Amino acid sequence: MHQPQKLIRLLVTYAQPLRLQLALLALLIFTSTGLQLLNPYLIRSFIDTATTGGTLRDLLFIAASFIVVVLAYQALSVAQTYLGEKSAWQATNALRTDLTRHCLHLDLAFHNSRTPGELIERIDGDVGALANFFSRFAIVLVANGLLLLGILTMLFWEDWRIGGTLLLFALFALAITGALRDLAPPRWRAARESLTNLIGFLEERLIATEDLRANGAAAYMMVELYRHLRDFLRTFLRAYMMMVTNFCVMLGLMSLGNVVALGVGAYLLSLNAITIGTVYLVFHYTRLLVQPLETLMHQVNDFQQATASIARIEELFSVPREIVPINVVAPPLRLPPGPLEVEFDHVSFRYSSATSDLTLQNLSFHLKPGEVLGLAGRTGSGKTTLTRLLARLYDPTAGVIKVGGQEIHRLDPVALRRQIGLVTQDVQLFQATVRDNLTFFDQSIADEQILAALRSLGLWKWYSSLPHGLDSEIAAGSVGLSAGEAQLLAFVRVLLKDPGLVILDEASSRLDPLTERLINQAVTTLLGNGRRTGIIIAHRLATLQRVDMIMILEKGAIREMGKREQLASDPTSHFYQLLQTAAEHSQTLEEVLA
C-alpha cells in the first residue's frame, strides 16, 4: 500500500471517533474563509466611497463593518486553533496507545533487538509528527482549495482579464509546489531515523552511567555521543534546508504575484476600466491568493514529514506477534487450581533462526504438582532459557511443553503467566506507591491482603518505618532499598498473585548470609508443604537443600536428573561430586561448575 493511502487509512481510523468536533472545526474554518473573502470588498467600498465624495456616515458604517468582520475572524481563528489542537492530541494519543499496546504484546526477541529509547522515539516522536495531519489536514486542504476557487471567481467577476492572468499565475505556482512535493520525505525519514538512534544511545548510556564512570569509559562515550549528534545534525540540516527551499520558493511566488497584480491593476486603471478601489481589491486578493498556496505548501511539508513518520509507524505495526494462542477448543482451556504439573517432552530451542546452535537440546522431564526442582549448571547452559519457555516468553523450536496437563501453546499467554510467579535477581520497581509496586497496579487487591503478605515474609519492620504506609513512594529502579528488601518485595508480589508455579531465578545469588536466610524463609512460605510447584535456579548449596529434584544442565542438555536425596548420597552421581568439591573448597556450585 502506498504511503498516501496509509495516511488516509489512519486518518479515517483515528479521526472517526472525533467526527462531531471535526465537523464543528470544518464549520469554523469555512466560516472564517468566507470572512476572508468579504474583507477586501469592504476596503474597496471604503476607498471608492472616500474618493467619490461619499458621506461620513457611509464611511463610518463601512469601517464599523470591517472591524466587526476582523474581530469575528480573530475569534473564529482562536476557536479553530483550540479545537484543532484538541483533536490532534486526542487522535495522536489514541494512536500512541495502540502502538504502545502492540509493542507491549510483542515477544522478548523484539525488545532484545531494540533499545527502550528507540521505541520511545518511535511511539512519541513519529506519532507527534502526525498531529497536524490528524487534526486539520483534510479540512484545511479543502478550505484553502475553496478559498483559492473563491478568490479566482471574484477576480473573474471583476474583470475576465484580471481573473485569467491570476489563474495562470495560480496554475504556475501549483505546478512549482507540486514539483517540490516529493523531494523532502526521504530526507525527513533519514532525520527521524538518526534521532531515534541518538535517543536510544542516550537512554542506554545514561542507565549505565555508574559503570561508565567506574571503568573510565566516559571519554569514549562522549566521542560516540558526538558521532550520533553529528549524524543527526547532518540529516536534519538536509531535511530542514529542503523545507527552507520550499519557503523561499513561496516567497518568490508571493513577490511575483504582487508584481502581476500591480501590473494588471495599473494597466486597467490607465484604461479607466476599473477604480482605484478595485486596484486595491485585486492587489489584496492576489496577496490572499498566495495565502492558500502558502498554506498548501505548509500542508505539503507536514504531509512530507507525516509520510516519513507513517512508514516507520507502519513498520512497527507490521512486526508480528510470534507467540499467539491457538484457539483449537471452545471454551478456552483453563489451568487447574493449586500447584501445577510441569512436563517437557523432547524440547529444543534456539534464539535465532540464523544460527544452528541450540540453546536447549531435546529436554524431557516431568515435575509433579507441589514438587520443587533445583536447576544447576554453568552460565549459558540454558537454565534461564528453560524458565522463559515455561512462561511462554519464547516458543520452543521443537517439542511440547505442558503446564497443568495442558499444552501451553493452546493456552492464552496472559492466563498462563497469571499462574506463574517469577522472581529474578534483578527486581524492577516503579516510581509509584508501595501499594502499586506490590500489586502491579491491580486495584482489586485489598490492603489487608498486602499487609498480611508483608508480615508473613518478614517485611513488617521495614513497612513500619515507611512515613505514609502503603501510600509511601518508592523510587524507580529500587533506589533507596537494599538488595534484600527489593528481593523480598518481589516475593510479596508473587504471594499476592498466588500462582500455581513459582520460578526463582538466582533470587539470592547477590545477598549476604543474613539476608539470604530471610529469603530462604520467604521461599519456605511460598513453596513449603507442597503449596506450589517450584523451580529454583541456584548456585548456593543452602538454597538447594529444600528442593525435591535436582537437574544439572550442560550445553543445553540434561546431564543428570533425579531425587535430591538419592543423588546426594550416590558417590557415582555428578551432583554428589559437585557437593564434595564445593564443601572441600568452600565454593559455590557456580564456581565448581566453572
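Everything below is about the structure shown above.
Cut-offs used in this document
- Residues numbered from 1 in each chain as written.
- Predicted model: local features only at pLDDT ≥ 70, side-chain atom pairs only at ≥ 80, totals over all residues.
- Heavy atoms only, no water.
- Helix = DSSP H or I, 4+ residues; strand = E, 2+ residues; numbered from the N terminus.
- Expected span 1.5 Å × (residues − 1).
- Pairing = 2+ DSSP bridges.
- Axes fitted to C-alpha atoms, helices over the stretch in contact; angles between N-to-C directions.
- Salt bridge = Lys/Arg side-chain N within 4 Å of Asp/Glu carboxyl O.
- Buried < 20%, exposed > 50% of the residue type's maximum accessible area, 1.4 Å probe, protein only.
- Phe/Tyr/Trp six-rings, centres within 6.5 Å; stacked < 30°, edge-to-face > 60°.
- Lys NZ or Arg CZ within 6 Å of the ring centre and 35° of its normal.
- Contact = heavy atoms within 4.5 Å.

A. How the structure looks around helix H10 (residues 218-270). Counted at 1.5 Å a residue, the expected span for H10 with its 53 residues is 78 Å, and the 76 Å between its end C-alpha atoms agrees. Note on H10: the residue one or two positions beyond its end, Asn 272, has a positive phi of about 60°.

B. Molecular detail of the sheet that holds strand S3 (residues 372-377). Pairing is mixed in the open sheet, where six strands are placed in the order S6-S9-S10-S3-S11-S12. Among the strands making up the open sheet, the edge pair consists of strand S6 (420-424) and strand S12 (557-563). Across the sheet, the mean angle separating the axes of adjacent strands is 15° when strand polarity is ignored. Of the strand pairs in this sheet, strand S9 (residues 501-505) and strand S10 (residues 533-537) are connected by five bridges, and their pairing is parallel. Counterpart to Val 502 in the pairing with S10 is Gly 534.

C. Structural view of unusual backbone geometry. Unlike most non-glycine residues, Arg 392 shows phi in positive territory, near 55°. For Arg 392, the location among the structural elements is in the loop between helix H12 (383-390) and strand S4 (398-403).

D. Expanded view of the pattern of salt bridges. All told, the structure shown has 13 salt bridges when counted by the stated rule. As a salt-bridge pair, Glu 224 and Arg 227 come within 3.0 Å of each other at their nearest N and O atoms. Note that Glu 224 and Arg 227 are positioned in helix H10 at a spacing of three residues, about one turn of the helix. You can call Glu 224 buried: its relative accessible area is 15%. The salt bridge partner of Asp 471 is Arg 435, with a shortest N-O separation of 2.6 Å. Taken as a pair, Asp 471 in the loop between helix H16 (460-464) and strand S8 (473-474) and Arg 435 in helix H14 (residues 434-439) lie far apart in primary sequence, 36 residues in all. Exposure remark for Asp 471: the relative accessible area of 45% places this residue in the partly exposed category.

E. Main features of the packing of aromatic side chains. Taken as a whole and assessed by the stated rule, the structure comprises nine aromatic pairs. Judged by centre distance (5.2 Å) and plane angle (90°), the ring pair of Tyr 351 and Tyr 394 falls under edge-to-face. Taken as a pair, Tyr 351 in the loop between strand S1 (342-349) and strand S2 (360-367) and Tyr 394 in the loop between H12 and S4 lie far apart in primary sequence, 43 residues in all. According to the relative accessible area criterion, Tyr 394 is buried, its value standing at 9%. Its guanidinium or amino end placed over the ring of Trp 460, Arg 455 lies 3.9 Å from that ring's centre, counting from NZ or CZ.

F. Broad picture of the side chain of Glu 371. Here Glu 371 is to be found in the loop between S2 and S3. Each residue touching Glu 371, except ones within four places of it in the same chain, is listed here: His 366, Arg 532, Thr 533, Gly 534, Asp 548, Met 549 and Lys 563.

G. Fine view of the pairing of S10. Among the five residues in S10, five count as buried, and that is most of the element. Here S10 shows a buried face lined by Thr 533, Ile 535 and Ile 537 and a second buried face lined by Gly 534 and Ile 536. With four bridges connecting them, S3 and S10 associate as parallel partners. Residue Leu 373 lies in a different strand from S10, and its bridge partner there is Ile 535.

H. Spatial organisation of the sheet that holds strand S5 (residues 406-407). Spatial ordering of the open sheet is given by S2-S1-S4-S5, a layout of four strands whose pairing is antiparallel. Edge positions in the sheet fall to S2 and S5, since each has one partner strand and no second. Relative to S2, S1 is paired through five bridges, and the arrangement is antiparallel. Looking across to S2, one finds that Phe 344 is bridged to Phe 365. Together, S1, S2 and S4 form the strand contacts of H12, whose direction differs from that of S1 by roughly 115°.

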